[in-house]
Amino acid sequence: MALFLLDYGAGNVQSLANSLRTLGHTFSWITQPADFDNASILIFPGVGAFGTAIEHLESRGLLAPLLQYIQSGRPYFGICIGMQILFESSSESPVPGLGVIPCPIELFDSTDKSVPHMGWNSADLVDLSAPSQSSYYYFVHSYCAKYNPEKYPDATEWVYSTTQYGQELFISSVRKGNVFGTQFHPEKSGEAGLALLDAWLRKPGFDTTSGRPAPPRAPQSQHRLTKRIVACMDVRANDEGDLVVTKGDQYDVREKAEPASSTLVTKTAGAVRNLGKPVALAARYYAAGADELCLLNITSFRHSPLQDQPMLAVVRAAAECVFVPLTIGGGIKDTVDPDGARRSALEVAGAYFRAGADKVSIGSEAVYAVERLRASGTGDGTSAIETIARVYGRQAVVVSVDPRRVYVDPQTYDGPYKDELVMGRPDGAENERGKAWWYQCTVSGGRESRQLSVVELARGVEALGAGEILLNSIDRDGTGLGFDLDLIDLVKRNVKIPVVASSGAGSKEHFVQVFQDTGAEAALAAGIFHREEVRISEVKGALQSAGINVRT
Ligand code: 1PR
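Every value quoted in this text rests on a predicted model; they were computed, and no experiment measured them.

Asker: I'd like to hear about the overall build of the chain, residue by residue, with values.
Answerer: Check the secondary structure of the chain and you find 17 helices and 28 strands. Computed over its C-alpha atoms, the radius of gyration of the chain comes to 24 Å, within 12% of the 24 Å expected for a compact globule of 552 residues. Expressed as lengths along the three principal axes of its C-alpha atoms, the size of the chain is roughly 75 × 50 × 50 Å. For the chain, the proportion of its 552 residues judged to be buried stands at 60%. Long-range contacts, defined as pairs at least 24 residues apart, comprise 72% of the intrachain contacts of the chain with a sequence gap of at least 6. Total accessible area computed for the chain in this model is approximately 21,000 Å², and 49% of it derives from carbon and sulfur atoms.

This is the structure we're talking about:
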């Protein structure tokens, strides 16, 4: 049996390769049309945008041989876009699909929910040898095949599982003859996903003729998309030049001077705080049940050119042992190599995706892009957000926001952000009572403030094509005081894309609070996890007890 993976040059195919190696399967890559002749099993881990995927395949001469391969009856497993291209069309692009499945791909309705659909949701598999009837799998997509047996009566013959998001039921996996496909990413779905991949490979295509057709069903009152818990590692070189996970207090990552009596004072004061090695910590958080991991490159080497990018090695190694989504941030921008070659943000992002990243996070460049958008009224198509979203899909583009409160007197303030002012609550912290503030955006890790509010930024990056907002708070970072609920609520009310609440988690109760009081889709913490003050399992236990759906 010759297993081949199709790589058309865009998207994170490394994660699938890593999963297969971990499962003990050997494989080759399809890089040219003739390779299809040697394949007896084919997996296509498509990531990105529908039209881009088809165009890439076509420009490399791979589209027609792919269709011939499928028509020959040999087993095919398409993941995400690899499944979507089997359909006849997608409203994401005028380019037609392969037409193997007679149904269109359409945009999710965003009136009752955030789009993209991002996170762990259940897939009610109608199994055969699949290991689990209803596991949680990782989804990240804005377009889907809606489950509509009234309109497509023969859907019951090829729908393999359905999933509910908001009040929409969509097809989360298909099987038709030799063809199998999942909208979710098994290679990013932890143990459940690895088991599904393994089961299909051990009996390619499963026994695709004997599955029970998925019965038509009405949406249930609530979907089962879980709230995500994200562990974040800020990575930088310490003074010895080693890459370490560090953690700041309000973004200051240097150790403070100890009291005069401390014997540690000469040894640690001023040194970069070292909380462990990035890959070892990433592996620990994966094993502990983190739903996603985030690696932020906060060191000065993020300005170094692509050729000499130590963070790429970290991502590569982390992706080999972590089978949940990895977001990489810091330095996603245009750079120049020592030989003068210009590297676009798109190329930098592409290098991270090929190393195993699933999403890239853009900080300072997003602020500059929204400033340009504000000045001209429209995106010019050249920003990192736009260029990366166009090729890899908006779900691969996160914007990391570093806002800081600007306190003003509510009686006298007459500035441009009157409508965005947050009033201190009478029962709030002492230093907030009677005050008002707006949230100002910063760049360069909080070192420079810009004349742009967090609401302007959030709306702007959504318009430019970002798929998610990672919402930090310089005021709360490292304080353990809890998430800035006012900030999260403010941003959530102004965008449709998912928001990851970040900064300030000090206890498991803070996670319950942020999900009960705001619409955040995910919550991120760093310090309490690094210092092992609270375990991820404890956080999830508390959320479950509060009736909040989580992946356990
Ligand atoms: O501008 O595109 O190069 O991106 C730089 C990225 O690095 C941004 O995402 C920015 O947030 C991040 N960053 C830059 N400097 C620092 C710093 O700490 N000195 N870290 C920094 C931001 C915040 C979170 C932290 C949460 C949770 N760190 O990453 O993990 O606040 O912490 P907590 O749970 O301990 O409170 P660009």
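Asker: Provide a residue-level description of helix α9 (residues 310-321), including the pertinent values.
Answerer: Taken as a whole, α9 has its buried residues at Met-311, Leu-312, Val-314, Val-315, Ala-318 and Ala-319. One face of α9 carries all of its buried residues, which in axial projection span an arc of 155°.

Asker: Before we move on, can you summarise the packing of helix α15 (residues 508-517) against helix α17 (residues 536-545) with the specific residues and values?
Answerer: Their axes nearest at 8 Å, the elements α15 and α17 cross at an angle of 45°. When the axes of α15 and α17 are compared, the pair comes out oblique. α15 and α17 meet at a crossing whose hand is right-handed. On the side of α15, the interface is formed by Lys-508, Phe-511, Val-512 and Phe-515, while α17 contributes Glu-538, Val-539, Ala-542 and Leu-543. Across the contact of α15 with α17, the residue classes break down as 6 nonpolar, no polar and 2 charged.

Asker: I'd like a rundown of the confidence of the model for the chain, residues and numbers included.
Answerer: Per-residue confidence for the chain gives a mean pLDDT of 89; residues scoring 70 or more make up 91%. The low-confidence segment residues 127-132 (pLDDT under 50) makes 19 contacts with residues lying over four places distant or belonging to another chain.

Asker: Which residues make up the environment of Asp-419, and what are the values?
Answerer: As for its placement among the helices and strands, Asp-419 is situated in the loop between β22 (403-408) and β23 (422-423). Asp-419 sits in the exposed class, given a relative accessible area of 80%. For the pair Asp-419 and Trp-438, spaced 19 residues apart in sequence, the C-alpha separation works out to 9.3 Å.

Asker: Tell me about the sheet that holds strand β6 (residues 101-107), residues and numbers included.
Answerer: Spatially, β5-β6-β10 is the arrangement adopted by the 3 strands of the open sheet, whose pairing is mixed. Here the strands that pair on one side only, and so sit at the sheet edges, are β5 (87-90) and β10 (143-144). Here β5 runs beside β6; their pairing, made up of 3 bridges, is parallel. Among the inter-strand pairings, Ser-90 is bridged to a residue of β6, identified as Ile-105.

Asker: Explain the side chain of Glu-187 residue by residue, including any values.
Answerer: With respect to the helices and strands, the residue Glu-187 is situated in the loop between β13 (179-182) and α6 (190-202). Buried and unpaired, Glu-187 has no salt bridge, with Lys-188 as the nearest side chain of opposite charge at 7.1 Å. Within the local environment of Glu-187, its side chain forms a polar contact with the side chain of His-185, the two groups lying 2.9 Å apart. Aside from chain neighbours lying at most four places away, what touches Glu-187 is Ser-15, Leu-16, Ser-19, Ile-79, Leu-197 and Phe-323.

Asker: I'd love a proper account of the site of the ligand, names of residues and values included.
Answerer: In the vicinity of the ligand, 25 residues are found, and the nearest of them are Lys-247, Ser-364, Ser-400, Asp-402 and Asp-477. Contact distances for the ligand include 2.9 Å between an oxygen atom and a side-chain N or O atom of Asp-234. Within the contact set of the ligand, an oxygen atom lies 2.9 Å away from a backbone nitrogen or oxygen of Gly-363. The fraction of the free accessible surface of the ligand (760 Å²) that becomes covered by protein chains is 97%. Every element with two or more residues in the shell around the ligand is listed here: β14 (228-237) and β28 (522-525).

Asker: Describe the UniProt feature "binding site: substrate" (unreviewed entry) in the chain, with residues and values.
Answerer: Taking the numbering used here, the UniProt-annotated feature "binding site: substrate" (unreviewed entry) corresponds to Gly-331 and Asn-472. Of note, Gly-331 is situated in the loop between β17 (326-329) and β18 (335-336). On the accessibility criterion, Gly-331 (15% relative accessible area) is buried. Within the fold, Asn-472 resides in the loop between β26 (468-471) and α14 (485-494). Asn-472 gets classed as buried once you look at its relative accessible area, which sits at 7%. Not counting chain neighbours up to four residues away, the residues in contact with Asn-472 comprise Tyr-251, Ser-400, Val-401, Asp-402, Pro-403, Leu-487, Ser-502 and Ser-503.

Asker: Requested: an account of the packing of aromatic side chains, with residues and values cited.
Answerer: The full count for this structure, using the stated rule, is 19 aromatic pairs. Pairing Phe-139 with Phe-170 gives two aromatic rings, centres 5.7 Å apart and planes at 85°, and the pair type is edge-to-face. Of this pair, Phe-139 sits in strand β9 (residues 136-141) while Phe-170 is found in strand β12 (residues 168-176), placing the two residues 31 residues apart along the sequence. Residue Phe-139 is classed as buried on the basis of its relative accessible area, which comes to 0%. With a relative accessible area of 0%, Phe-170 lands in the buried category.

Cut-offs applied
Residues numbered from 1 in each chain as written. Predicted model: local features only at pLDDT ≥ 70, side-chain atom pairs only at ≥ 80, totals over all residues. Heavy atoms only, no water. Helix = DSSP H or I, 4+ residues; strand = E, 2+ residues; numbered from the N terminus. Rg over C-alpha atoms; globule rule 2.2 N^0.38 Å. Buried < 20%, exposed > 50% of the residue type's maximum accessible area, 1.4 Å probe, protein only. Contact = heavy atoms within 4.5 Å. Areas by Shrake-Rupley, 256 points an atom, 1.4 Å probe, with all protein chains shown as cover. Arc of directions from axis to C-beta. Axes fitted to C-alpha atoms, helices over the stretch in contact; angles between N-to-C directions. Parallel < 35°, antiparallel > 145°, perpendicular 65-115°, else oblique. Left-handed = near helix turned anticlockwise from the far one by under 90°. Nonpolar A, V, L, I, M, F, W, Y, C, P; charged D, E, K, R; others polar. pLDDT = per-residue confidence, 0-100. Pairing = 2+ DSSP bridges. Lys, Arg positive; Asp, Glu negative; His and termini not counted. Salt bridge = Lys/Arg side-chain N within 4 Å of Asp/Glu carboxyl O. Polar contact = N/O pair within 3.5 Å; in protein donor to acceptor, adjacent residues only side chain to side chain. Near = heavy atom within 4 Å. UniProt positions renumbered as here; feature names shortened; annotations may be inferred. Phe/Tyr/Trp six-rings, centres within 6.5 Å; stacked < 30°, edge-to-face > 60°.

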